[in-house]
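Structure at a glance
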Amino acid sequence: MAYFVKFPSIEQFRNVVSTIQKKARFNGLDEDGKPIFELSKQAPTLTFKGTVKLHGTNAAIIYNKSLDYYRAQSRERLLSLESDNAGFCMFTEQKREQFIQIFEELRIANNIPDNHFIVIYGEWCGANIQSKVALTQLPKMFVAFDIFTFHADANKVSESAVNLLEDGKWLTSDKNLKLIKEKEHQIFPITDFQTFEIIINFNEPELVVPELQELTEKVEQECPVAKAFGVSGVGEGIVWSLLNENHKDYYRFKVKGEKHQSSKVKKLASVDVESLANVAKFVDYAVTESRLYQGLEHLRMSNFPLNQKSTGEFIKWVQQDVLKEERDTIVQNGFNMKAVNTAIAVKAKTWYFQNGIAE
């Protein structure tokens, strides 16, 4: 049996603001089963921790002691030596002894039964994995940023960790991340590098936007992770997170620098949805070079050839990624979804034929 547990998408700041405000102001259901919100209720003030967002490729290892299960995966699929992603599976096989020791330390430290799964999520970065960032000047490394554990029957294992929360929980903490460290083997926890802290009053979340933007711009100008290794250059941004005591409610949002934005936002972090005049303006805003290059990365990670035959898959990914991140923008502006998808397809296909086809 093969197990694949996908890492959840990291949201935008505005999405987390909306979620936390709605949760604080929820006041039951009406007779039709629709939620009632009491707008006079106060939202909380919360402290979020920030870690450097690395520009590499999402990677993970999943482990179960009793099943003798140990497998590498990318964001999209399970990996093998025959079907790898930038050499990550080869790396995990070469470092199997070190990773299993780490898993066992995590299992024992957290009293996890040996028939439960543990997943370590991180970024496989450095060397030629990406371009235009300082990390490319460093050897490849695995930097862990999240840990998840669950116990479920094989038929309950679905594609995302979010769907397994009933049977699992997040173990991400400074204490646990410190266990994921084998410096001489190019394995590091993200907390080994510069971290940040910010207090957000969710009654007035817009007040924190200038600070979020300032910190992000500093990271983009000088990547703290690369700098720790003596290399200077461009970084990507910051991931902000808060894990509640129940180890299930996990709030994360990303703020990327201007060079890495998937949409042409007016602010790097915003509480409000962008107001756009028409579908053409929306597509210009949402379908950026950064997002299109992410589409190419999806093709590579999923083993699609970079030729004309993959055009449909490329367009489909771009459409789905736009909908995932900009659903609220589409809804608030009242755009026709068919018209949006058609316009995205035209732009994505043109760009792919000009920039993506390598064969």
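Below, the structure is looked at part by part. (Residues numbered from 1 in each chain as written. Predicted model: local features only at pLDDT ≥ 70, side-chain atom pairs only at ≥ 80, totals over all residues. Heavy atoms only, no water.)

Scanning the entire structure with this criterion turns up 15 salt bridges. Across the salt bridge formed by Asp-146 and Arg-252, the nearest N and O atoms sit 3.3 Å from each other. With a gap of 106 residues between them, Asp-146 in strand E7 (residues 141-150) and Arg-252 in strand E12 (residues 250-256) connect regions that are remote in the sequence. Arg-252 shares its class with Asp-146; the two are buried. The residue Glu-325 makes a salt bridge to Lys-254 at a minimum N-O spacing of 2.9 Å. You can see Glu-325 sitting in helix H9 (residues 311-333) and its partner Lys-254 sitting in strand E12, a full 71 residues away along the chain. By relative accessible area, Glu-325 is classed as buried at 9%. Judged by its relative accessible area of 12%, Lys-254 is buried. If you follow the salt bridges from partner to partner, you end up with Lys-254, Arg-291, Asp-321, Lys-324 and Glu-325 in one network. (Salt bridge = Lys/Arg side-chain N within 4 Å of Asp/Glu carboxyl O. Helix = DSSP H or I, 4+ residues; strand = E, 2+ residues; numbered from the N terminus. Buried < 20%, exposed > 50% of the residue type's maximum accessible area, 1.4 Å probe, protein only.)

Another aspect to go through is the packing of helix H8 (residues 289-301) against H9. Their axes nearest at 9 Å, the elements H8 and H9 cross at an angle of 125°. As the angle between them shows, H8 and H9 are arranged oblique. Pair H8 / H9 crosses with right-handed handedness. Where H8 approaches H9, its residues Arg-291, Leu-292, Gln-294, Gly-295, Leu-296, His-298 and Leu-299 are matched on the opposing element by Glu-313, Phe-314, Trp-317, Val-318, Asp-321, Val-322, Glu-325 and Glu-326. Of the residues in the contact of H8 with H9, the class split is 7 nonpolar, 3 polar and 5 charged. (Axes fitted to C-alpha atoms, helices over the stretch in contact; angles between N-to-C directions. Parallel < 35°, antiparallel > 145°, perpendicular 65-115°, else oblique. Left-handed = near helix turned anticlockwise from the far one by under 90°. Contact = heavy atoms within 4.5 Å. Nonpolar A, V, L, I, M, F, W, Y, C, P; charged D, E, K, R; others polar.)

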